[in-house]
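Fold and geometry: a report
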Amino acid sequence: DAGITQSPRHKVTETGTPVTLRCHQTENHRYMYWYRQDPGHGLRLIHYSYGVKDTDKGEVSDGYSVSRSKTEDFLLTLESATSSQTSVYFCAITREVGNTIYFGEGSWLTVV
Amino acid sequence: GESVGLHLPTLSVQEGDNSIINCAYSNSASDYFIWYKQESGKGPQFIIDIRSNMDKRQGQRVTVLLNKTVKHLSLQIAATQPGDSAVYFCAERDSNYQLIWGAGTKLIIKP
């Protein structure tokens, strides 16, 4: 598991409610990523972080925000969840950008 | 866990045979390539990687081949086992050091 813990692992929430997913790593890696995975789309990058308080957008960042106040934690927030955000969310880490990245076990989010 | 790919390309292989999973990449400037395996309900796991200055790299029961002329990457799995059933993803690193992911191939092992 490369020292990555995602929480919650499963969540069902209602449209319009805020949701926060947490990624915690014990590897002290600089780079952290949030991906979503949907049938027919593969893995798509939402946001990533290259250090504490340093974040940037990925290809599908609309409707999501992130925060990284500590090296080990990277939070993904859906301010107002929509049904289109029903997905599996994966956190990933890497020591250096573009190198092999290691994934967490995923968080299954259902927005009803 | 849920299926991660309902409409993925699928490869069915007899147990014990060799599997070859193919991937076409898009960017001739990509310099690093990775293969991942994803079992149902789990996150992708690193299998093997290869840099663009190489044509072939071998691991334990797996071999990655890179053909830069036609921008093609393949993963060969020797003596396929039931535990090899999964979705396999290739990824390329572009000139901005970002990983670009393929859609995945589902490998099914027939007993």
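Residues numbered from 1 in each chain as written. Chains lettered and ligands numbered in written order. Predicted model: local features only at pLDDT ≥ 70, side-chain atom pairs only at ≥ 80, totals over all residues. Heavy atoms only, no water.

1. Notes on the packing of aromatic side chains
Counting across every chain of the model gives 14 aromatic pairs over all chains. Aromatic pair Phe90(A) and Trp108(A): ring centres 6.4 Å apart, planes at 70 degrees, arrangement edge-to-face. Highlighted residues: Phe90(A) in strand E9 (residues 87–94) and Trp108(A) in strand E11 (residues 107–111), separated in sequence by 18 residues. Residue classification places Phe90(A) among the buried positions, given a relative accessible area of 0%. Geometrically, the ring pair formed by Tyr25(B) and Phe33(B) is tilted, given 4.5 Å between the ring centres and 55 degrees between the ring planes. Each member of the pair, Tyr25(B) together with Phe33(B), is buried. An aromatic cluster is built from Tyr33(A), Tyr35(A), Tyr48(A), Tyr50(A), Phe90(A), Tyr102(A), Phe103(A), Trp108(A), Tyr36(B), Phe46(B) and Trp101(B), whose rings are joined through pairwise contacts. (Phe/Tyr/Trp six-rings, centres within 6.5 Å; stacked < 30°, edge-to-face > 60°. Helix = DSSP H or I, 4+ residues; strand = E, 2+ residues; numbered from the N terminus. Buried < 20%, exposed > 50% of the residue type's maximum accessible area, 1.4 Å probe, protein only.)

2. Observations concerning the sheet that holds strand E6 (residues 62–67) of chain B
Backbone-to-backbone hydrogen bonds join strands into a sheet, with any given pair of strands oriented parallel or antiparallel. Residue and element names in this part refer to chain B. Taken together, four strands build an open sheet; the order of strands is E2-E7-E6-E5 and the sheet is antiparallel. Of all strands in the sheet, those bounded by a partner on one side alone are strand E2 (19–24) and strand E5 (56–58). Here the strands of the sheet are splayed against their neighbours by 15 degrees on average, with no regard to which way each runs. In this structure, E6 lies alongside strand E7 (residues 72–77), joined through six bridges in antiparallel fashion. Bridge assignment links Leu66 to a residue of E7, and that residue is Leu73. (Pairing = 2+ DSSP bridges. Axes fitted to C-alpha atoms, helices over the stretch in contact; angles between N-to-C directions.)

3. So, the interface of chain B and chain A
Contacts between the two partners involve 20 residues from chain B, matched on the other side by 20 residues from chain A. Contact between chain B and chain A buries roughly 1,700 Å² in total, counting both sides, with carbon and sulfur atoms accounting for 58%. Run the count over chain B and chain A and you get zero salt bridges. Mapped by element, the contributors of at least two residues to the side of chain B that touches chain A are strand E3 (32–38), strand E4 (45–51), strand E8 (86–93) and strand E9 (99–101) of chain B. Considering only residue class, the side of chain B that touches chain A consists of 11 nonpolar, five polar and four charged. (Contact = heavy atoms within 4.5 Å. Buried area = accessible area lost by both parts, 1.4 Å probe. Salt bridge = Lys/Arg side-chain N within 4 Å of Asp/Glu carboxyl O. Nonpolar A, V, L, I, M, F, W, Y, C, P; charged D, E, K, R; others polar.)

4. Considerations on the sheet that holds strand E8 (residues 73–78) of chain A
Residue and element names in this part refer to chain A. Reading across the sheet, the four strands line up as E1-E3-E8-E7 and stay open at both edges, with antiparallel pairing between neighbours. Both outer strands of the open sheet, strand E1 (4–7) and strand E7 (65–70), are each paired with one neighbouring strand and no more. Going across the sheet, the axis of each strand differs from the next one's by a mean of 20 degrees, ignoring polarity.

5. Examining the state of the cysteines
All names here are of chain A. Under the counting rule described, the total for this entry stands at two disulfides over all chains. Here Cys23 is linked by a disulfide to Cys91, with a sulfur-sulfur distance of 1.9 Å. Sign of the S-S torsion, about -70 degrees for the bond between Cys23 and Cys91, identifies this disulfide as left-handed. With Cys23 in strand E3 (residues 19–25) and Cys91 in strand E9, the pair connects residues that are 68 residues apart, well separated along the chain. (Disulfide = S-S within 2.5 Å.)

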